[in-house]
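# Structural characterization, general
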Amino acid sequence: MGRAEERRARQRGGRRAAPRNRSSQTAAPESRTEPVSSAEGATHAAAGGRAAARRGTTKGGKGARGEKGRIRRLFTWKKMLSTFLGLTVLVIGAFIVLYMTTPIPDTANADAQLQSNVYKYSDGTMLARDGKLNRENVDLADIPKPVQHTFVAAENKTFYQDAGVDLKGTTRGVLNTVMGKGAQGGSTITQQYVKNYYLTQEQTVTRKLKELVISLKLDREKSKDYILAGYLNTSYYGRGAYGIQAAAQAYYGVDADKLSVQQGAYLAALLQAPSQYDWAAASATGKKLVQQRWNYVLDNMVEEDWLDKSERDAMTFPIPKEPKPAPGMQGQTGYLVDAANNELARQLVSQGTAENVNDALTMVKAGGWNITLNVEKKKQKALEASVKEQLTSKLDAKKRPVDGDVQAGAVSVNPKTGAVVAMYGGVDYVEHYTNNATRTDYQPASTFKPVILAAALDQGAVTQDEEKISANTVYDGTSKRPVVGSDIGFAPENEDDVDYGDVTVQTAMNKSINSVFAQMGVDVGMDKVLKTADDLGMDTADLKAVPAQTLGTMGASPLQMAGVYATLDNHGNKVTPTLIKSVENSVHVVKAPDPIGEQVITREAADSVTSVLTGVVDDGTARKSVLENPQRNGQKVAGKTGTSDDNKSAWFTAYTPDLVTAVGLFGESAKPPHPQVTMTGATGLIPGKGRINGGGYPAQIWAAYTFGVASKVSKFDLETDQGAAVQPTITASPSPTLSEEPSEEPTTATPSTKPSKSQTPSQEPTTEEPSEEPTTQEPSEEPSTGEPSTEQPENPLDPQFGQ
């Protein structure tokens, strides 16, 4: 090739390497005759890759880019801002219309007008009528300024500065109402006054919005003193007291102008939950909570410079005086009326008519309710007569001070309907304000043991040896035997430290052996035991899942225990004891809940527990009061006795196929502040230590009542192959004589310390003071050969903590 041709070739290559327009950039470069450096080649390759990526994006991703573009165009900040502003203007406009069209009412609401409540027995006959509203308005000037400040400190510290509303709290309340989440606090004093006096307690969006508007208007038109006076005079404080004057008299026996700061702080704290915080009726938890609230009020006063810190530090909690029930509430009437009011209040809250129990009780106490109870007049009178005949007629506080410390409570429930057909709250509502049938501050003791067995059977639990637990499972009944498998050490003592050796679960239930059920609780898992207890109807929310709970150390009421045993009687279908049959009111509609709920434990588990519990009354701690009762007439019975530590409570909860009744006796000091005390020695009719056990007076009350009202003899319909009801047992021979007061304390042979797995400790019946405990042995191939002892410890078969 000549030089001229080479030059032309180089020129042609240079023109290709140097594109003259954009389109040429996309063309692949042709080979060049001149060498290219590695760096230059890499640069060209990268440029080519980017170009290819751009080409791919343009061709293959055009749709995705287009959609993203449309979304960006739709949700531009300008459009979002304009939408927000539009909605804001709409809301403001609606609020202005609502504000202009909602006046401050000229008169009080219908609920604030005096009306009567009518209470009837299940057959429609009159039980009681109340209607005299306990209210007396006082001027704010008659209430000491520091006492005024206690209420502001408790409910609304910004009261003197705010515009009468809490927008954040109200918004939260409206949203919760719309979403069905219930009520939350946050209302100002002004809002609470408007709700109490002008509106209703109903939990609706309309009411909340009206409350907001009227509160704003009222704050503009009226002084803070006017609003505070109205609030203090219309609030409900419990004990039937409306307004601070009635409350001052009800709780401290003084007029409002004589209230101290400490007393005012208690009344202010009380407004949050009058029924729960009333010292006379409060549980241990309620008393703790109201004291915390009282401290909160005083601390807020110090924070607001309304109270000197040195004065506050010197203040002590002012325990209120004993309540004085309203006239016409004597005997059992007051207990029934109060229990009905509380049940109705809870229902109003659950259905959303009221925000909380305090508001609901305000609605109920305002009157206008026609309430028919499930209580049957015949059974109610029979229960009252039984308690009097079997117990209270034998008490004489003048002879024995301990007799004045014995309180009785009982509840009777139809297991098929959940109806509370009878209730005994105490000797007299006028004399003893606390309802012993609904109080939850005493231990149920060994009446909790069937719950442990129910959990074991329902969960299919196994022992430490991997044996499935049943009525025939053998456990070691040695006293103080450490439980195995627990991270928490626990070795409960049997009554009088008696060793029973190897016994079946049936025998352990009959004799209420603590060591057996402590181990069983651990085998099942205490968390599962408490879950079963809750499912059956007990309140276990704040309980710790520890082995000690197997001894029934939690609190429970006769009403709760009647529900638990009714669920067992109803084959595991949840029974919620219900006092109210129907409710009528011209303003509010009450939706009655179904007392019979879902299956909470299997039928086999429930029926098996029932079968086992028949052994307690036929061959166990309730033998004397039930098996040998001449009124029984073949009636089938299942139940369990219970006596708590130091004899502070004694129980008998039992049932026939048609009726469940829980009876509890409680040692409560007759002197304020009424601490729990022992009942040992009461009536003076029990030999030995004189301890009142569950198989004594409680079982006697139960038997006299139940067998007296039974219209027929019925049998349990059980689907189980275990327990005393379906297996033949040897029952005790009747005692030759019937003493006035049976003792739970046998006076014969001491149980063998190590019986074989096939037999149980033998007991000889006494001819003078029969024991509640079994007097025969469980069927076995080799009967016990132990000889009676001349020395017998007091009550060896009645566990100290568990019964």
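In this text the structure is predicted, and so the values were computed from the model without any measurement.

Before going further, it helps to spend a moment on the overall build of the protein. Counting secondary structure elements, the protein contains 25 helices and 15 strands. In the protein, which comprises 803 residues, the proportion classed as buried is 51%. Sequence separation of 24 or more characterises 74% of the internal contacts of the protein that already satisfy a separation of 6 or more. Working note: accessible area of the protein is about 36400 Å², and carbon and sulfur atoms make up 51% of it.

What follows deals with the sheet that holds strand β11 (residues 580-585). Taken together, four strands build an open sheet; the order of strands is β2-β1-β5-β11 and the sheet is mixed. Single-partner strands in this sheet number two, and they are β2 (126-130) and β11. Within this sheet the neighbouring strands show an average axis-to-axis angle of 15 degrees, counted without direction. Its contacts with the sheet put helix α15 (residues 333-350) on β1 (117-120), β2, β5 (369-373) and β11, and the angle it makes with β5 is roughly 110 degrees.

The next thing to look at is the pairing of strand β13 (residues 638-643). The side chains of a regular strand alternate, residue by residue, between the two faces of the sheet. Of all six residues in β13, six are buried; the element is thus mostly enclosed. Of the strand pairs in this sheet, β13 and strand β14 (residues 649-655) are connected by six bridges, and their pairing is antiparallel. The residue bridging threonine 643 from the neighbouring strand is alanine 650, located in β14. Linkage of β13 to β14, two consecutive antiparallel strands, is achieved through a turn of five residues, within which aspartate 646 is found at a positive phi near 60 degrees.

Before going further, it helps to examine the pairing of β1. In terms of strand pairing, β1 meets β2 through four bridges, oriented antiparallel. By the bridge assignment for β2, tyrosine 119 is matched with alanine 128. Judged from the three bridges that link them, β1 and β5 form a sheet pairing that is parallel. The residue of β5 that forms the bridge with tyrosine 119 is isoleucine 371.

Within soluble globular proteins, side chains that are nonpolar tend to cluster in buried spots. Counting residues in each nonpolar core, the largest one holds 89 residues, and the members touching the most others are Leu348, Leu373, Phe448 and Met520. It is α15 that provides the largest number of residues to this core, a total of eight residues. Apart from residues no more than four positions distant in its own chain, methionine 520 is found in contact with Ile452, Leu453, Ala456, Ile469, Tyr475 and Val505. Counting 51 residues, the second-largest nonpolar core is a separate cluster that includes Ile189, Leu259, Ala273 and Phe317.

Within a beta sheet, neighbouring strands are joined by backbone hydrogen bonds and run either parallel or antiparallel to one another. Taken in spatial order, the five strands of this open sheet run β7-β6-β15-β14-β13, and their pairing is antiparallel. This sheet does not close on itself; its edge strands, each paired only once, are β7 (420-424) and β13. Direction aside, the axes of adjacent strands within the sheet are offset by 5 degrees on average. Direction of pairing for strand β6 (residues 406-413) relative to strand β15 (residues 660-667): antiparallel, over a ladder of eight bridges. Each bridged residue has a counterpart across the sheet, and for alanine 410 the counterpart in β15 is valine 663. Helix α25 (residues 697-709) contacts β6, β7, β14 and β15 of the sheet and is inclined by roughly 145 degrees relative to β15.

Helix α21 (residues 526-536) packs onto helix α18 (residues 449-459) with a crossing angle of 105 degrees between their chain directions and a minimal axis gap of 9 Å. If you check the angle between α18 and α21, you find them roughly perpendicular. Across the interface between the two elements, Val451, Ile452, Ala455 and Gln459 of α18 pack against Lys528, Val529, Thr532, Ala533 and Leu536 of α21. Among the residues forming the contact of α18 with α21, the class breakdown is six nonpolar, two polar and one charged.

The next subject is the side chain of asparagine 156. In this structure, asparagine 156 sits in the loop between α5 (145-155) and α6 (167-179). Of the polar contacts made by the side chain of asparagine 156, one reaches the backbone nitrogen of isoleucine 189; its length is 3.2 Å. In this structure, asparagine 156 is in contact with Phe151, Asp162, Thr188 and Ile189, ignoring residues within four places of it in sequence.

An α-helix turns once every 3.6 residues. As a result, residues three or four positions apart point the same way. Burial of α5 is extensive: eight of the 11 residues sit out of reach of the surface. The complete set of buried residues in α5 reads Val147, Gln148, His149, Thr150, Phe151, Val152, Ala153 and Ala154. Looking at the buried positions of α5, the neighbouring elements they touch are α7 (189-197), α9 (224-234), α10 (244-252), α11 (261-270) and α13 (284-303).

What follows concerns unusual backbone geometry. Cis peptide bonds are those with omega within 30 degrees of zero, and the linkage from proline 672 to proline 673 qualifies with 5 degrees. With respect to the helices and strands, the residue proline 673 is situated in the loop between β15 and α25. If you check the backbone angles, alanine 445 has positive phi at about 55 degrees while not being a glycine. Tracing the chain through its elements places alanine 445 in the loop between β7 and α18.

Moving on: the packing of α10 against α11. For the pair α10 and α11, the least separation of the axes is 11 Å and the interaxial angle reads 110 degrees. By the angle class used here, α10 and α11 are roughly perpendicular. Contact with α10, carried on its side by Ala247, Ala248, Tyr251 and Tyr252, involves Gln263, Tyr266, Leu267 and Leu270 of α11 and no other residues of that element. For the contact of α10 with α11, the residue count by class is seven nonpolar, one polar and no charged.

Now for the packing of aromatic side chains. Enumeration according to the criterion identifies 20 aromatic pairs in this entry. Ring plane angle 40 degrees and centroid distance 5.5 Å describe the contact between tyrosine 429 and tyrosine 433, whose orientation is recorded as tilted. The burial state of tyrosine 429 is the same as that of tyrosine 433; both residues are buried. Geometrically, the ring pair formed by tryptophan 702 and phenylalanine 707 is edge-to-face, given 5.6 Å between the ring centres and 85 degrees between the ring planes. Residues tryptophan 702 and phenylalanine 707 agree in their burial class; the two are buried. Within the aromatic cluster, the residues linked to one another by ring pairs are Tyr251, Tyr252, Tyr266, Trp279, Trp294 and Phe317. Sitting over the ring of phenylalanine 159, lysine 224 keeps its end group 4.7 Å from the ring centre. The lysine or arginine in question, arginine 239, covers the ring of tyrosine 433, its NZ or CZ lying 6.0 Å from the ring centre.

What counts, and where the lines are drawn
Residues numbered from 1 in each chain as written. Predicted model: local features only at pLDDT ≥ 70, side-chain atom pairs only at ≥ 80, totals over all residues. Heavy atoms only, no water. Helix = DSSP H or I, 4+ residues; strand = E, 2+ residues; numbered from the N terminus. Buried < 20%, exposed > 50% of the residue type's maximum accessible area, 1.4 Å probe, protein only. Contact = heavy atoms within 4.5 Å. Areas by Shrake-Rupley, 256 points an atom, 1.4 Å probe, with all protein chains shown as cover. Pairing = 2+ DSSP bridges. Axes fitted to C-alpha atoms, helices over the stretch in contact; angles between N-to-C directions. Core = buried A, V, L, I, M, F, W, Y, C linked by side-chain atoms within 4.5 Å. Parallel < 35°, antiparallel > 145°, perpendicular 65-115°, else oblique. Nonpolar A, V, L, I, M, F, W, Y, C, P; charged D, E, K, R; others polar. Polar contact = N/O pair within 3.5 Å; in protein donor to acceptor, adjacent residues only side chain to side chain. Phe/Tyr/Trp six-rings, centres within 6.5 Å; stacked < 30°, edge-to-face > 60°. Lys NZ or Arg CZ within 6 Å of the ring centre and 35° of its normal.

That's the geometry; what it means functionally is another story.
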